[in-house]
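Reading the structure
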Amino acid sequence: MRMPPGFGAQLAGVPQCPEAQASLGQCPPASEVGRVHVAIGPGSQPLWVEGGAYLTGPYGNAPFGLSLVIPAKAGPFDLGDVVVRAAISFDPHTAALTIATSPLPPA
(Lines give C-alpha, C1' and ligand atoms only; values in the text may rest on other atoms or scores of the structure.)
Protein backbone atom coordinates (compact mmCIF):
# COMPACT_ATOMS: atom_id res chain seq x y z
CA MET A 1 0.00 0.00 0.00
CA ARG A 2 1.23 3.48 -0.78
CA MET A 3 -0.19 6.26 1.32
CA PRO A 4 -1.67 9.27 -0.48
CA PRO A 5 0.29 12.54 -0.72
CA GLY A 6 -0.09 14.62 2.41
CA PHE A 7 -0.86 11.66 4.64
CA GLY A 8 1.14 11.74 7.84
CA ALA A 9 1.59 9.59 10.88
CA GLN A 10 2.46 10.58 14.42
CA LEU A 11 4.30 7.64 15.94
CA ALA A 12 6.12 9.49 18.72
CA GLY A 13 5.07 8.13 22.07
CA VAL A 14 3.66 4.87 20.68
CA PRO A 15 5.55 1.98 22.29
CA GLN A 16 6.82 -0.59 19.81
CA CYS A 17 5.67 -4.15 20.24
CA PRO A 18 8.71 -6.35 20.97
CA GLU A 19 9.66 -8.74 18.16
CA ALA A 20 8.94 -11.91 20.15
CA GLN A 21 5.40 -10.74 20.89
CA ALA A 22 4.83 -9.29 17.40
CA SER A 23 5.59 -12.60 15.70
CA LEU A 24 3.08 -14.36 17.95
CA GLY A 25 0.37 -11.70 17.61
CA GLN A 26 0.51 -10.88 21.32
CA CYS A 27 1.22 -7.15 21.25
CA PRO A 28 0.14 -4.90 24.13
CA PRO A 29 -2.84 -2.59 23.54
CA ALA A 30 -0.60 0.49 23.85
CA SER A 31 1.20 -0.41 20.59
CA GLU A 32 -2.04 -0.59 18.55
CA VAL A 33 -2.01 2.06 15.80
CA GLY A 34 -5.07 1.04 13.79
CA ARG A 35 -7.56 -1.59 12.71
CA VAL A 36 -7.58 -3.87 9.66
CA HIS A 37 -10.66 -5.15 7.83
CA VAL A 38 -10.14 -8.38 5.90
CA ALA A 39 -12.44 -10.28 3.54
CA ILE A 40 -12.21 -14.06 3.88
CA GLY A 41 -13.61 -16.57 1.44
CA PRO A 42 -14.61 -16.77 -2.21
CA GLY A 43 -17.64 -15.42 -3.98
CA SER A 44 -19.61 -12.23 -3.86
CA GLN A 45 -20.30 -12.38 -0.12
CA PRO A 46 -17.06 -13.08 1.75
CA LEU A 47 -16.89 -13.00 5.52
CA TRP A 48 -15.45 -9.72 6.81
CA VAL A 49 -13.41 -9.77 10.01
CA GLU A 50 -11.63 -7.03 11.92
CA GLY A 51 -8.26 -7.19 13.62
CA GLY A 52 -5.58 -4.94 15.07
CA ALA A 53 -2.49 -3.27 13.61
CA TYR A 54 0.41 -2.91 16.05
CA LEU A 55 3.59 -0.87 15.64
CA THR A 56 6.85 -2.81 15.77
CA GLY A 57 10.51 -1.98 15.44
CA PRO A 58 12.49 -2.62 12.27
CA TYR A 59 11.06 -5.30 10.02
CA GLY A 60 12.56 -6.55 6.78
CA ASN A 61 14.72 -3.74 5.47
CA ALA A 62 12.43 -1.04 6.84
CA PRO A 63 12.87 1.12 9.95
CA PHE A 64 9.42 0.20 11.33
CA GLY A 65 6.94 -2.61 10.97
CA LEU A 66 3.42 -3.74 11.73
CA SER A 67 2.02 -6.88 13.27
CA LEU A 68 -1.45 -7.38 11.79
CA VAL A 69 -3.49 -9.73 13.99
CA ILE A 70 -6.65 -11.10 12.38
CA PRO A 71 -9.00 -13.49 14.19
CA ALA A 72 -9.83 -16.56 12.07
CA LYS A 73 -13.31 -17.09 13.50
CA ALA A 74 -16.47 -17.94 11.56
CA GLY A 75 -19.57 -19.23 13.29
CA PRO A 76 -18.59 -22.26 15.39
CA PHE A 77 -15.11 -22.43 13.84
CA ASP A 78 -12.21 -20.77 15.65
CA LEU A 79 -8.78 -21.27 14.11
CA GLY A 80 -7.09 -18.72 16.38
CA ASP A 81 -5.36 -15.61 15.12
CA VAL A 82 -3.55 -15.17 11.82
CA VAL A 83 -0.51 -12.90 12.12
CA VAL A 84 0.71 -11.05 9.03
CA ARG A 85 3.82 -8.89 9.24
CA ALA A 86 4.39 -5.71 7.24
CA ALA A 87 7.31 -3.37 6.67
CA ILE A 88 6.82 0.42 6.88
CA SER A 89 9.31 2.31 4.75
CA PHE A 90 9.34 5.95 3.77
CA ASP A 91 10.80 8.09 1.01
CA PRO A 92 13.23 10.54 2.64
CA HIS A 93 12.58 13.12 -0.09
CA THR A 94 8.78 13.15 0.03
CA ALA A 95 8.06 11.43 3.39
CA ALA A 96 5.61 9.15 1.53
CA LEU A 97 4.94 5.90 3.37
CA THR A 98 4.88 2.47 1.75
CA ILE A 99 3.56 -0.53 3.65
CA ALA A 100 4.42 -3.95 2.24
CA THR A 101 3.09 -7.14 3.80
CA SER A 102 4.93 -10.41 3.96
CA PRO A 103 3.36 -13.40 2.20
CA LEU A 104 0.49 -15.02 4.06
CA PRO A 105 1.63 -17.62 6.57
CA PRO A 106 1.29 -21.28 5.53
CA ALA A 107 -1.93 -23.01 6.48
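Throughout what follows, the structure given in this document is the object of discussion. (Residues numbered from 1 in each chain as written. Predicted model: local features only at pLDDT ≥ 70, side-chain atom pairs only at ≥ 80, totals over all residues. Heavy atoms only, no water.)

A closer look at the sheet that holds strand S4 (residues 77-90)
Spatial strand order, S1-S2-S3-S4-S5: five strands in an open sheet with antiparallel pairing. The open sheet terminates on both sides in strands that have one partner only, identified here as strand S1 (32-40) and strand S5 (97-101). Averaged over all neighbouring strand pairs, the angle between strand axes comes to 30°, with direction disregarded. With five bridges joining them, strand S2 (residues 47-56) and strand S3 (residues 64-74) adopt antiparallel strand pairing. For Tyr54, the partnering residue across the bridge sits in S3 and is Ser67. (Pairing = 2+ DSSP bridges. Helix = DSSP H or I, 4+ residues; strand = E, 2+ residues; numbered from the N terminus. Axes fitted to C-alpha atoms, helices over the stretch in contact; angles between N-to-C directions.)

Side note on the environment of Val84
Its location among the elements puts Val84 in strand S4. Residue Val84 is classed as buried on the basis of its relative accessible area of 8%. Sequence separation between Val84 and Gly25 is 59 residues, and the spatial gap between their C-alpha atoms is 8.6 Å. (Buried < 20%, exposed > 50% of the residue type's maximum accessible area, 1.4 Å probe, protein only.)

Comments concerning the pairing of S4
Pairing analysis gives 10 bridges linking S3 to S4, with the strands arranged antiparallel. Across the sheet, the residue bridging to Pro71 is Asp81, located in S4. With antiparallel pairing between neighbouring strands as the criterion, S3 and S4 make up a hairpin whose turn holds two residues, including Gly75 at a positive phi of roughly 55°. In this sheet, S5 lies alongside S4 in antiparallel orientation, the contact comprising five bridges. Across the sheet, residue Ile88 finds its bridge partner in S5, namely Ile99. Taking the residues that link successive antiparallel strands as the turn, the S4-S5 hairpin has six residues, and the phi of Ala95 there is positive, at about 65°.

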